[in-house]
Amino acid sequence: MKHSLNLIVFVMLLLLAGFYLPFYWMLILSGVAAFFMKISLIRAFAFGFIAGNMVWLGVSYFYHWTSFSPLTGMIGEIFQGLSVSSLFYITGLIGGVTAGLGAWSGAAIRHLIWPYNIKHEM
Amino acid sequence: MKIIKCFIPILLSILWIYFLQKAIIVGDNAIPPLGKFISPFTGFWQNVRATKSIQNTVLNQMHKEGSILFDDRMVPHIFAQSTGDAYFMQGYVHAMHRLWQMDFSTRAAEGRISEIIGSKALNFDRNKRRKGLAESAKQSIEVWKKFPEAYKLVEAYCDGVNYYIQHLDYKDLPIEYKLMNFEPELWTPYRSSLFHKNMAEVLCGRDQDIEMTNAKTFFGADFDLLFPEYDPLSDPVIPKGTKWDFNVDSLINQVENSNQDLGFIPIQRTIQDPGLGSNNWAVGPSKSVNGNPILCNDPHLNLSLPSIWYEQQIVTPDRNVYGVTFPGIPGVIIGFNKDIAWGITNGGWDVMDWYQIKWKDESMTSYFYNNEWKNTEYRIERIKVKGQQDVLDTVPLTVWGPVVYNQISHAKYGLAMHWIIQDPSAYCEMDVFDLLNQGKNVGDYRNAIQKFPYPAQNFAFISRTGDIALTVQGKMPIKVNQQGRFVMDGTKKENAWHGFVPLSSTPHTINPIRGFVSSANQKSTDRGFPVYYNDGDFRDYRGTMINRYLSEKKLWNVDDMKALQYNAYSLRAETALPSLLKYLDTTSMNSVNQQVYHELKSWNYMYDSNAVAPVYFDLWMDIFHRLVWDEISQDTLKKYTVMPSDQTTIRLMKENINLSYYDIKSSPTKESLQDVVRISYDSLLNQIQSKLLFQKKWADYKHASIDHMARIPAFGIPFVSTSGSKDIINAHARTFGPSWRMIVELTKDGPHAYGIYPGGQDGRPGSPYYRSMVSDWSQGKYNSLNYVNTIHDLTPLITYEFKK
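What counts, and where the lines are drawn
Residues numbered from 1 in each chain as written. Chains lettered and ligands numbered in written order. Predicted model: local features only at pLDDT ≥ 70, side-chain atom pairs only at ≥ 80, totals over all residues. Helix = DSSP H or I, 4+ residues; strand = E, 2+ residues; numbered from the N terminus. Buried ≥ 20, exposed ≤ 12 C-beta atoms within 10 Å, placed from the backbone. Contact = placed C-beta atoms within 7 Å. Rg over C-alpha atoms; globule rule 2.2 N^0.38 Å. Axes fitted to C-alpha atoms, helices over the stretch in contact; angles between N-to-C directions. Parallel < 35°, antiparallel > 145°, perpendicular 65-115°, else oblique. Nonpolar A, V, L, I, M, F, W, Y, C, P; charged D, E, K, R; others polar. pLDDT = per-residue confidence, 0-100. Domains from an automatic or database assignment. Core = buried A, V, L, I, M, F, W, Y, C linked by C-beta atoms within 7 Å. Pairing = 2+ DSSP bridges. Arc of directions from axis to C-beta.

**A word on the overall build of chain A**
Moving on, step 1. Each helix and strand counted, chain A has 5 helices and 0 strands in total.
Moving on, step 2. The secondary structure elements of chain A, listed N-terminal to C-terminal, are α-α-α-α-α.
Moving on, step 3. Counting over 122 residues, chain A shows a buried share of 48%.
Moving on, step 4. Of the contacts formed within chain A by residues at least 6 apart in sequence, a portion of 79% connects residues at least 24 apart.

**Description of the overall build of chain B**
Moving on, step 1. Counting its regular elements, chain B contains 25 helices and 31 strands.
Moving on, step 2. Relative to the compact-globule value of 28 Å for 804 residues, chain B shows a C-alpha radius of gyration of 28 Å, a close match.
Moving on, step 3. The dimensions of chain B, computed from C-alpha atoms along their principal axes, are 90 × 75 × 65 Å.
Moving on, step 4. Taking all contacts inside chain B whose residues are at least 6 apart in sequence as the whole, residues at least 24 apart take part in 72%.

**Digging into the packing of helix α19 (residues 591-601) of chain B against helix α23 (residues 673-690) of chain B**
All names here are of chain B.
Moving on, step 1. Between α19 and α23, whose axes approach to 11 Å, the crossing angle comes to 105 degrees. With respect to α23, the element α19 is oriented roughly perpendicular. Every residue of α23 that contacts α19 at Val592, Asn593 and Val596 is listed here: Leu685, Ile688 and Gln689.
Moving on, step 2. Split by residue class, the contact of α19 with α23 holds 4 nonpolar, 2 polar and no charged.

**Topic: the packing of helix α14 (residues 430-437) of chain B against helix α15 (residues 442-449) of chain B**
Packed helix pairs are specified by the crossing angle of their axes together with the interaxial distance, meaning the distance between the axes.
All names here are of chain B.
Moving on, step 1. Contact geometry of α14 with α15 gives a least axis separation of 8 Å together with a crossing angle of 170 degrees. Overall, the two elements α14 and α15 adopt an arrangement that is roughly antiparallel. Touching Val432, Leu435 and Leu436 of α14 are Asp444, Tyr445, Asn447, Ala448 and Ile449, all from α15.
Moving on, step 2. Looking at the contact of α14 with α15, its residues break down into 6 nonpolar, 1 polar and 1 charged.

**Some words on the interface of chain B and chain A**
Moving on, step 1. Opposite the 31 residues of chain B that make contact, chain A presents 32 residues.
Moving on, step 2. Looking at the side of chain B that touches chain A, the elements with two or more residues in it are α1 (2-21), α2 (34-38) and α3 (44-50) of chain B.
Moving on, step 3. Here the residues of the side of chain B that touches chain A are counted per class, giving 19 nonpolar, 7 polar and 5 charged.

**Overview of the confidence of the model for chain B**
Fine structural detail should not be taken from predicted coordinates in areas where pLDDT scores are low.
Residue and element names in this part refer to chain B.
Moving on, step 1. Looking at chain B, the pLDDT average stands at 90 and 94% of residues meet or exceed 70.
Moving on, step 2. In the model, residues 253-260 has pLDDT below 50 throughout and makes 17 contacts with residues more than four positions away in sequence or in other chains.
Moving on, step 3. Confidence estimates for the predicted assembly give a pTM of 0.92 and an ipTM of 0.93.

**Section: the environment of B:Arg206**
Moving on, step 1. Relative to the elements of secondary structure, B:Arg206 occurs in the loop between α10 (189-204) and α11 (209-219).
Moving on, step 2. For B:Arg206 and B:Asp535, which are 329 residues apart along the polypeptide, the C-alpha to C-alpha distance reads 9.8 Å.

**Here's the deal with the domain arrangement of chain B**
Moving on, step 1. When its domains are assigned, chain B resolves into domain 1 (1-567 + 755-768 + 788-804) and domain 2 (571-605 + 612-696).
Moving on, step 2. Distance from the C-alpha centre of domain 1 of chain B to the C-alpha centre of domain 2 of chain B: 38 Å.

**Notes on the nonpolar core**
Residue and element names in this part refer to chain B.
Moving on, step 1. Within the largest apolar cluster, 242 residues are counted, with the highest numbers of intra-cluster contacts made by Ala282, Ile294, Phe461 and Tyr616.
Moving on, step 2. Sort the elements by how many residues they give to this core and helix α4 (residues 83-110) lands first, with 14 residues.
Moving on, step 3. With sequence-adjacent residues up to four places away left out, phenylalanine 461 is seen in contact with Ala282, Ile340, Trp342, Val442, Tyr445, Ile468, Ala469 and Leu470.

**Focus: the environment of B:Asp85**
Residues and elements named next belong to chain B.
Moving on, step 1. Examined against the element boundaries, aspartate 85 turns out to sit in helix α4.
Moving on, step 2. C-alpha of aspartate 85 to C-alpha of arginine 542: the two residues are 457 residues apart in sequence and 41 Å apart in space.
Moving on, step 3. In contact with aspartate 85, other than residues within four places in its own chain, are Lys64, Glu65, Gly66 and Ala80.

**Side note on the sheet that holds strand β28 (residues 741-747) of chain B**
All names here are of chain B.
Moving on, step 1. With respect to topology, 6 strands assemble into an open sheet ordered β24-β6-β7-β28-β29-β30, the strand pairing being antiparallel. Each edge of the open sheet is held by one strand with a lone partner, namely β24 (516-519) and β30 (783-784).
Moving on, step 2. Bridge count for strand β7 (residues 294-298) against β28 is 4 bridges, and the pairing is antiparallel. Bridge pairing in β28 links isoleucine 294 to glutamate 745.
Moving on, step 3. The strands touched by helix α16 (residues 541-552) are β6 (279-283) and β24; relative to β24, the strand with the most contacts, the crossing angle is about 165 degrees.

**Regarding the sheet that holds strand β19 (residues 416-419) of chain B**
Residues and elements named next belong to chain B.
Moving on, step 1. Here we have 3 strands laid out as an open sheet, ordered β19-β14-β22, and mixed in their pairing. The open sheet has two edge strands, β19 and β22 (488-489), and neither has a second partner.
Moving on, step 2. The sheet contact formed by strand β14 (residues 352-356) and β19 spans 4 bridges and is antiparallel. Opposite tyrosine 355, over in β19, you have alanine 416 as the bridge partner.

**Comments concerning the pairing of strand β29 (residues 750-756) of chain B**
All names here are of chain B.
Moving on, step 1. Among the 7 residues in β29, 5 count as buried, and that is most of the element.
Moving on, step 2. Inspection of the sheet shows β28 paired to β29 by 7 bridges, in the antiparallel sense. Note that in β29 the partner of glutamate 745 across the bridge is histidine 752.
Moving on, step 3. Counting the residues in the hairpin turn of β28 and β29 gives 2 residues.
Moving on, step 4. In this structure, β29 lies alongside β30, joined through 2 bridges in antiparallel fashion. Residue pairing across strands places tyrosine 754 opposite serine 784, the latter belonging to β30.

**Observations regarding unusual backbone geometry**
Residue and element names in this part refer to chain B.
Moving on, step 1. For the peptide bond that leads from leucine 305 to proline 306, omega is -5 degrees, which places it in the cis range.
Moving on, step 2. One can find proline 306 in the loop between β9 (304-305) and β10 (310-316).
Moving on, step 3. Across the junction of tyrosine 454 and proline 455, the peptide omega takes the value -10 degrees, indicating a cis bond.
Moving on, step 4. Inspection of the secondary structure assignment puts proline 455 in the loop between α15 and β20 (457-463).
Moving on, step 5. Backbone geometry places arginine 711, a non-glycine residue, at a positive phi of 55 degrees.

**Brief notes about helix α22 (residues 646-655) of chain B**
Residue and element names in this part refer to chain B.
Moving on, step 1. Listed as buried for α22 are Asp646, Gln647, Ile650 and Met653. With its buried residues spanning 125 degrees around the axis, α22 presents them on a single face.
Moving on, step 2. Residues of α22 that are buried in the fold lie against α18 (571-581), α20 (613-628) and α23.

**Thoughts on the pairing of β20(B)**
Residue and element names in this part refer to chain B.
Moving on, step 1. β20 sits mainly inside the fold: 7 of its 7 residues count as buried.
Moving on, step 2. Relative to β20, strand β13 (residues 340-346) runs antiparallel, the two being bridged by 7 bridges. Looking at β20, one finds that isoleucine 344 is bridged to phenylalanine 459.
Moving on, step 3. As defined by bridge partners, β20 adjoins strand β21 (residues 468-473) across 6 bridges and the pair is classed as antiparallel. Paired with asparagine 458 across the bridge in β21 is valine 472.

**As for the confidence of the model for chain A**
Moving on, step 1. For chain A, the mean per-residue pLDDT works out to 88, and 93% of the residues sit at or above 70.
Moving on, step 2. For chain A, the element scoring lowest by mean pLDDT is helix α1 (residues 2-20) of chain A, at 84; helix α4 (residues 71-78) of chain A scores highest, at 94.

Written out as structure tokens, the structure reads:
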């Protein structure tokens, strides 16, 4: 339950950052979110990665399938003939890594200030 | 340890963001910063989304009121209370659908592409700047300002473009901006003028001075026979025998031409492939089935995506005009209103001349002119280069004009150029189309176009009252015989142009007896015109065919005109093929040989997409032509001079069968015309087999394409199957052809008009309207143009409201 809540918080923040702020804010906001969560470094990265991946992949998927635009295929062709699905994977991966690194950094700063006890983790 | 554990993810985060923020250079190409480009909130996914985001919009603009209704082909119909408001909205829709195209093409004219794509564009930029397009645009703006009313309208257009730009975020930018990683600049009248200069370069920025100079030296006494200025079979734009009511003898004081003693100039030739151009024609009531005048126009240009044209209707209290526009300048360029219609083709006069300069030494700091040494002046050009330091280029300037090429290895090294765009215009060119758009009769038409300076155009015209006319309009330099046909001696003052023909006296015809007017880039007049002019590299086949069809058929309707615009009959093949075939020995042909011969023999001279004979004929003519003129197809010479045209070659083949040039220099025996025909035919058969061309269809052989303006393959169309070729009415070559086909019949009930271009209204790749008309265009189909009288006559797909 707690993990789901954490994930929802991440997703909400990343959606907010996506619509209103430059893309690198998703890294900063992931860090802020992780800073306030009592989670391990690995879990922080995982939450960030999953949330970032879900948001970027989901939004791009939504745009593509609601427009049926040939532009996605054209972009793939420009980049060495990448398929449309490859573009989704790359988009999701970049979103995930960006948010994951941010969350990892946020959790690491928290652990530096307040040493992390493994028992906290449920 | 804890600090290190904390430091590692932070360091990785910084490096990651740095990586995502930076453009990555791979070979000659740059990948845009991946973070913002891939982000679904700002990057290319937003462009994917935007292709479907069509919705009604209300725009609150302080000073403008009106509506733009987009019909089902995304053609905007602008309804405004004043011309200024209409042009504001025109600027807005141009930017909405074609912003990148407008921006990129004018930056190209200005010589600023290196700013965007780096040093690989440096030579391109240097060339544009040395030719002085930007300088000329700056001069024009100063002239425009002297006509405040016209200038105000240009400013209104610019305001519309800028209103759109100012409301753009990165996420809204056309995809090309994101890929090339740059941003739009605000639009100004200067940039509209740059667009005009760019078109001038396309249409009157060519010459054959070096090629002709060398050919004259090489062929000596035969030159006039091989390079005639008037072909006996040609049919000029203005009917033969037209009388002219002025002369220019007093203007030029009988100056002797002094350009004939320069000898061979070992400079590489630079001309482009000839045979392409544009068509327009019009028939009066006496030649029309319905008794209404009909006008047709298909300007032939390089075909690209986004298309150069943009369809539009503008309705204000003083006009209701429909046609195609150039994104970048206000008004309708080719079109019609309820009273008149007009169309344009290129005049083709040679208005770019080259002068050989006698430099004092290699430093080019002074040169001999008019019996004295003059100091060279200079213009310094600072070229910004992406990722590198600025490059400074020093352009030497002479009394004639700039020295465009100063690298010793370059063609035209050290020559000075005089080009029409260096001479400031007396009018605001933008006024021309504004006046035409609201014209009502032949008087308005003549009055409007007389302000048009260059590139010289053939303006065809009809009016609802039944008048037809054609004017070759532009600044025509007054030259003595042969002046400007060759590189001229730059030491002699008298080699300058001797002024210009008054703009009201350029060649024109109104209501000719034959009942039709036409132009297809051929010679403007017969020899009777009082001023010498030479023209570029166009040939006469299309013009002759159009006039033949229009003369032969008594009455025409719109369907006939559609068929004529798509007509693929080759006069070149008609005149050449029987003469070639008669020399072949048909007694000992093998199977392939027989089939090829049969295809050629039974061919109807149509360059249809499925025909195979055009492939054989084109190849054969090419081989034959090179064999006849093998004297100059040797490697050492062909770089420097030019062969006689195939139009001349075909005429000589029929009229002069003992020409010494038929002998093939590399062979020990003496060949006759018949030998050359047979040898070239054998060579054709070899090529058909070695290149697997047997039964190859014309469209597959031609392999036409429509490229994206920035040569991004994914945004272009790699293959378009269509009929047509150079030198025929449907003049569609590989990447060049009818960029807009329009037919207008002016009836008492209003105009009935049809048109199409090979592209789509929305210049944003991926849009359903990006290339929506290409398929119909390639099949010779048309759209019925939706000319409406009031805002209530249209059921729009979407509406944009401008409110104060």
